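The lines below spell out each chain.
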Amino acid sequence: QVAPDGQRLVAAVWRPGSQWNVEEFSLTNRRWHRLTNNTEMETSARYTQDGTGVVFSADYDGVFNLYRLDLASGNLQRLSNLVGGAMSVSSPSVDGTLYYTGLHGGGFDLYRLAASDQLEQSVTAPDTQSPDQALALPELRDPRITDYQPQVRPTAWYPAFTSDEDRTIGLYTFGSDLLQRHD
């Protein structure tokens, strides 16, 4: 997502050795900066309305919950305490309300978390890795072994029909690689 100032973007980025972390990319100097650096999974990073914080979903305690990271201070706050999990969080609205996809026994539903219902509980991020550890190069290996080459081909399809001013008929296709490294 692009920051309100138009100079940065935030995303969950996967890197070998550190898995998924929240990172910020400067559009001016074209460099990534890690906002989190651990082996836990973080996803759905979104800027706050004023761009001073980032809201995201993470499984720090084994369940995906919502968190807010203050970019200036580095303070991390837990916003939810769910049993099933929170995924795909929206950007906070002007009043701080969040919308997210929540997992429960029957599947997924859309939920609203008003600013007044957010925990705002200060937490410490899980064991942070040193940048050298996270970016370490793999050891040399048998040269006969080649890197995994994903084969992402459509594996399913379904028709799409829309109707506004123009009627449109289309086809959606989707697929993923066998090791689930690419969508």
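Residues numbered from 1 in each chain as written. Predicted model: local features only at pLDDT ≥ 70, side-chain atom pairs only at ≥ 80, totals over all residues. Heavy atoms only, no water.

Visitor: Is there a simple way to think about the sheet that holds strand 7 (residues 76-78) in this case?
Guide: Pairing between the strands of a sheet comes from backbone hydrogen bonds, and it takes one of two forms, parallel or antiparallel. On the basis of which strands lie adjacent, the open sheet formed by 5 strands has the order 4-5-6-7-11 and antiparallel pairing. Every interior strand has two partners, whereas the edge strands, strand 4 (42-47) and strand 11 (121-123), have only one. Going from strand to strand, the sheet's axes swing by 30° on average, the running direction of each strand aside. Bridging between strand 7 and strand 11 involves 3 bridges; their strand directions are antiparallel. Bridging across to strand 11, Gln77 finds its partner in Ser122. (Pairing = 2+ DSSP bridges. Helix = DSSP H or I, 4+ residues; strand = E, 2+ residues; numbered from the N terminus. Axes fitted to C-alpha atoms, helices over the stretch in contact; angles between N-to-C directions.)

Visitor: Can you walk me through unusual backbone geometry in this structure?
Guide: Trans peptide bonds make up most of the peptide bonds, and negative phi angles are found at most residues other than glycine. Positive phi, close to 55°, is recorded for Ser44, a residue that is not glycine. Positionally, Ser44 belongs in strand 4. Residue class for Ser44 comes out buried when judged on its relative accessible area of 13%. Even without being glycine, Glu120 reaches a positive phi, approximately 55°. (Buried < 20%, exposed > 50% of the residue type's maximum accessible area, 1.4 Å probe, protein only.)

Visitor: Any chance you could explain the packing of aromatic side chains here in plain terms?
Guide: When we look at a pair of aromatic rings, we describe it by the centre distance and by the angle of the planes. On inspection of all chains with the given rule, the structure shows 5 aromatic pairs. Aromatic pair Phe25 and Trp32: ring centres 5.0 Å apart, planes at 55°, arrangement tilted. What makes Phe25 buried here is its relative accessible area of 16%. Since its relative accessible area comes to 39%, Trp32 is described here as partly exposed. Summarising the aromatic geometry, the rings of Tyr100 and Tyr111 are spaced 5.5 Å apart at their centres and angled 20° between planes, so their arrangement reads as stacked. Of this pair, Tyr100 sits in strand 9 (residues 98-104) while Tyr111 is found in strand 10 (residues 107-113), placing the two residues 11 residues apart along the sequence. (Phe/Tyr/Trp six-rings, centres within 6.5 Å; stacked < 30°, edge-to-face > 60°.)

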